[in-house]
Number of protein chains: 2
Amino acid sequence: MVAKPKKKSRPVGDPAAFAQAAECLKILAHPVRLRMVQLLLQGRYTVGELAEDCSVPDNVASEHLRLMQRCGFFNSEREGRRVYYQVAEPHLANIMECIESRFLQKK
Amino acid sequence: MVAKPKKKSRPVGDPAAFAQAAECLKILAHPVRLRMVQLLLQGRYTVGELAEDCSVPDNVASEHLRLMQRCGFFNSEREGRRVYYQVAEPHLANIMECIESRFLQKK
DNA sequence: TTGACATATCGTTACATTACGATATATTAA
DNA sequence: TTAATATATCGTAATGTAACGATATGTCAA
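Just so we're clear, the structure is a prediction, and the values are computed from it rather than from any experiment.

What counts as what
Counting of residues starts from 1 at the beginning of each chain's written sequence and follows it residue by residue. Both sets of labels track the order of writing: A upward for chains, 1 upward for ligands. For a predicted model such as this one, the threshold for reporting local features is a pLDDT of at least 70, and the threshold for listing and counting side-chain atom pairs is 80 or more; totals across whole chains, interfaces and linings nevertheless cover every residue. Processing note: side-chain calculations cover all non-hydrogen atoms of the structure and skip hydrogens and water entirely. A helix here means a DSSP run of H or I that spans at least four residues, while a strand means a run of E at least two residues long, and both kinds are numbered starting from the N terminus. In protein, a polar contact means a hydrogen-donor-capable atom and an acceptor-capable atom, both N or O and within 3.5 Å, with residues adjacent in sequence counting only if both atoms are side-chain atoms; elsewhere, any N or O pair within 3.5 Å suffices. Contacts are assigned to residue pairs that have any heavy atoms within 4.5 Å of one another. Accessible area that two parts lose when put together, evaluated with a 1.4 Å probe and summed over both, is termed the buried area. By definition here, a salt bridge exists when the distance from a side-chain nitrogen of Lys or Arg to a carboxyl oxygen of Asp or Glu is within 4 Å. Charged means Asp, Glu, Lys or Arg here, nonpolar means Ala, Val, Leu, Ile, Met, Phe, Trp, Tyr, Cys or Pro, and polar covers whatever is left, Gly included. When at least one non-hydrogen atom of a residue lies within 4 Å of a molecule or strand, that residue is treated as near it. By disulfide we mean two sulfur atoms from cysteines, separated by a distance within 2.5 Å. Buried means the residue's accessible area, taken with a 1.4 Å probe over protein chains only, is under 20% of the maximum for its type, while exposed means over 50%, and partly exposed covers the values in between. The pairing criterion for strands is at least two bridges between them, as found by DSSP. Axis geometry follows a simple rule: fit a line to the C-alpha atoms, using only the stretch in contact for helices, then measure angles between N-to-C directions, giving values from 0 to 180 degrees.

A. Examining the side chain of glutamate 89 of chain A more closely. Considering the arrangement of structural elements, one finds glutamate 89 of chain A in the loop between β3 (82-87) and α5 (91-104). Within the structure, glutamate 89 of chain A has its side chain in polar contact with the side chain of arginine 102 of chain B (distance 2.9 Å). Residue contacts for glutamate 89 of chain A: discarding those within four places in its chain leaves Gly72 and Phe73 of chain A together with Arg102 of chain B.

B. Local environment of the interface of chain A and chain B. In this complex, chain A contributes 42 residues to the contact, which on the side of chain B involves 43 residues. Approximately 3,800 Å² of surface area, both sides summed, lies buried where chain A meets chain B, with 66% of it carried by carbon and sulfur atoms. Our count for the chain A to chain B interface comes out at two salt bridges. Of the charged contacts in the structure, one is a salt bridge between glutamate 89 of chain A and arginine 102 of chain B, with a shortest N-O distance of 2.9 Å. Viewed at the interface, chain B and chain A are joined by two residue pairs in polar contact (both at pLDDT 80 or more). Those elements that provide at least two residues to the side of chain A that touches chain B are α1 (15-28), α2 (31-40) and α5 of chain A. A per-element tally of the side of chain A that touches chain B places α5 of chain A first, with eleven residues. The residue makeup of the side of chain A that touches chain B, split by class, is 21 nonpolar, ten polar and eleven charged.

C. Highlighting unusual backbone geometry. One non-glycine residue with positive phi stands out, namely serine 55 of chain A, at about 60°. The topology assignment puts serine 55 of chain A in the loop between α3 (47-54) and α4 (58-70).

D. Up close: the protein's contact with DNA strand C. Residues in contact with DNA strand C amount to 23 residues; listed here are only the nearest, Gly48, Ser62, Glu63 and Tyr85 of chain A together with Arg33 of chain B. Taking the atoms of DNA strand C that fall within 4 Å of the protein, sugar and phosphate contribute 73% of them. Between valine 47 of chain A and DNA strand C, the recorded distance is 3.3 Å, taken from a backbone N or O atom to a phosphate oxygen. Separating a base nitrogen of DNA strand C from a side-chain N or O atom of glutamate 63 of chain A is a distance of 2.7 Å. Broken down by secondary-structure element, the contributors of at least two residues to the surface near DNA strand C are α3, α4 and β3 of chain A together with α4 (58-70) of chain B. It is α4 of chain A that contributes the most residues to the surface near DNA strand C, five residues altogether. Residue composition of the surface near DNA strand C, grouped by class: five nonpolar, eight polar and ten charged.

E. View of the state of the cysteines. Using the criterion set out here, one finds one disulfide over all chains in the structure. Linked covalently through their sulfurs, cysteine 98 of chain A and cysteine 98 of chain B form a disulfide whose S-S length is 2.5 Å. Residue cysteine 98 of chain A is located in helix α5, and its partner cysteine 98 of chain B is located in helix α5 (residues 91-104); the two belong to separate chains. Cysteine 98 of chain B matches cysteine 98 of chain A in its accessibility class, with the two residues each being buried.

F. Up close: the sheet that holds strand β2 (residues 74-79) of chain B. Residue and element names in this part refer to chain B. With antiparallel pairing, the three strands of this open sheet are ordered in space as β1-β3-β2. Because the sheet does not close on itself, it has two edges, and the strands there are β1 (45-46) and β2. The pairing of β2 with strand β3 (residues 82-87) spans six bridges and is classified as antiparallel. When the bridges of β3 are listed, glutamate 79 appears paired with arginine 82. Here α4 sits on the sheet and contacts β2 and β3; the angle it forms with β2, its principal contact strand, is near 125°.

Shape descriptors only; they carry no functional weight alone.
Now the structure itself:
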């Protein structure tokens with residue numbers, strides 16, 4: 001076998017990408033928003049349903065959802081008086097799995 | 001017996017766990033800290049080395065490292081005047097991979 | 001129409017986070 | 001010992017974020 005590399009290979013990612021990743025992670029880094037992501041990974045929900053599950057007022061839920069929509073995690077569709085949110089970012093499931101396996105799964 | 005209500009199965013995680021997960025994610029959600037995690041996943045580095053790579057002053061690097069040490073991501077060992085940091089949380093590699101695959105990897 | 005309901009937005013306030021400069025501690029060399 | 005180096009900590013100021021109440025918008029039913 002060859003000798004061990006003396007120089008560590010530089011990890012991937014340019015500075016701007018780190019800034020963008022950090023911004024999106026910051027959006028994710030809120031207990032109510034994490035819960036919303038987890039729920040929406042299972043299907044679509046209205047603002048009111050999400051608000052109730054998360055025990056926050058509707059307007060607070062709406063603001064959280066707007067944040068996550070702005071960064072591309074979700075999109076929404078109005079149906080009558082209700083607005084349904086759903087996951088738009090395919091990598092969310094992956095990331096959420098990682099988070100669950102570390103923090104959320106009971107042993 | 002009343003059979004199952006046709007509810008969607010509730011995703012895993014109690015409220016306190018979401019709070020803890022959110023706190024740790026918030027620590028991760030900073031461009032300099034993300035870069036440090038990426039570097040330290042490859043080996044151990046001193047405060048000064050990390051500071052230089054990240055283009056921040058030593059004291060700023062030291063504060064970022066302290067944060068990440070407090071939440072269990074890293075630990076440190078002094079060797080002479082230097083202090084080497086290294087990854088202590090096994091799930092960090094996993095989570096970082098998810099983040100890289102979404103945000104950091106060039107196509 | 002009007003009223004009720006669902007959601008969104010705005011203004012404000014309270015609180016958290018960040019970076020910075022100054023200073024403190026720890027270690028080694030002279 | 002003193003000086004130099006490496007890291008850590010502290011006080012502070014600037015900025016960002018979160019929640020709240022009030023209000024606005026959009027939709028439907030009567």
